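What the coordinates show
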Amino acid sequence: MIFYKMLDKNISVPEHVFQHEAAHMLLNTALKRLYGIERYSIKTGKHGKPYLEDHPDIFFNLSHCRGLAVCGISDSEIGTDCELIRPYSKNAAKKVFSDSEIDFVLKNNAPDESFFRIWTLKEALGKAMGTGIFSGLKEYEFVFKDGEPFCKDLPEKIFTQKIISGKWIVSVCSNIIQSQFKEV
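Bear in mind that the values here come from a model prediction, so they are computed numbers and not experimental data.

1. Examining the sheet that holds strand β5 (residues 68-74)
Spatially, the four strands line up as an open sheet ordered β4-β5-β1-β11, and their pairing is mixed. Strands with a single pairing partner mark the edges of an open sheet, and in this sheet they are β4 (59-65) and β11 (181-183). The sheet shows a mean angle of 20° between the axes of neighbouring strands, direction not considered. When β4 meets β5, the two strands line up antiparallel, connected through seven bridges. By the bridge assignment for β5, F59 is matched with S74. In this fold helix α1 (residues 15-35) packs onto β1 (2-6), β4, β5 and β11, with an angle of close to 30° to the strand it touches most, β5.

2. Examining the side chain of S174
With respect to the secondary-structure elements, S174 resides in strand β10 (residues 168-174). On the accessibility criterion, S174 (1% relative accessible area) is buried. Polar contacts involving the side chain of S174 include one to the main-chain amide nitrogen of I176, which spans 3.4 Å. Beyond its immediate sequence surroundings of up to four residues, S174 is in contact with S74, S76, E77, I78, K157 and I158.

3. Quick word on the environment of G126
Secondary-structure assignment places G126 in helix α4 (residues 111-129). Owing to a relative accessible area of 0%, G126 belongs among the buried residues under this scheme. Linking G126 and G79, residues 47 residues apart in sequence, is a C-alpha distance of 7.3 Å.

Definitions and cut-offs
Residues numbered from 1 in each chain as written. Predicted model: local features only at pLDDT ≥ 70, side-chain atom pairs only at ≥ 80, totals over all residues. Heavy atoms only, no water. Pairing = 2+ DSSP bridges. Helix = DSSP H or I, 4+ residues; strand = E, 2+ residues; numbered from the N terminus. Axes fitted to C-alpha atoms, helices over the stretch in contact; angles between N-to-C directions. Contact = heavy atoms within 4.5 Å. Buried < 20%, exposed > 50% of the residue type's maximum accessible area, 1.4 Å probe, protein only. Polar contact = N/O pair within 3.5 Å; in protein donor to acceptor, adjacent residues only side chain to side chain.

Here's what the structure looks like:
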């Protein structure tokens, strides 16, 4: 399940601190609602991926950006990413996208949205694998079949995307379908 919260812009703390706290609030909400867990300890694995120390069978991933926080929680490995749709960086695309992914962005009527559709998929994959965005993700190529994302190199992974309020893209990578998005 994916929990998300649109964030108020009128805050008194630095924006990145507020976003981080909002994502953790979503984790608290998810753990309490889905599992009845109110107290937990977060540890990090070998590559820095967080996990619940006393609940190794519950997987989660957090993401935040300007105006949005997201928490994905599952009984299977999960990675999430969210981004505000904005003008994209051609240099970032060259570093992380395949030639056909760059073509997809350039030929699309909404290139900024198309860029972030692929970018968030790659970041969600890197987070699900625990490797991050710049760890060989150029080799994993995404295509869209009937509008749905698919990774040609990892057909066993299931990718879900949602555009929220026409402003943000949320992508999820898991081994099971994550189709429920719930605003908190």
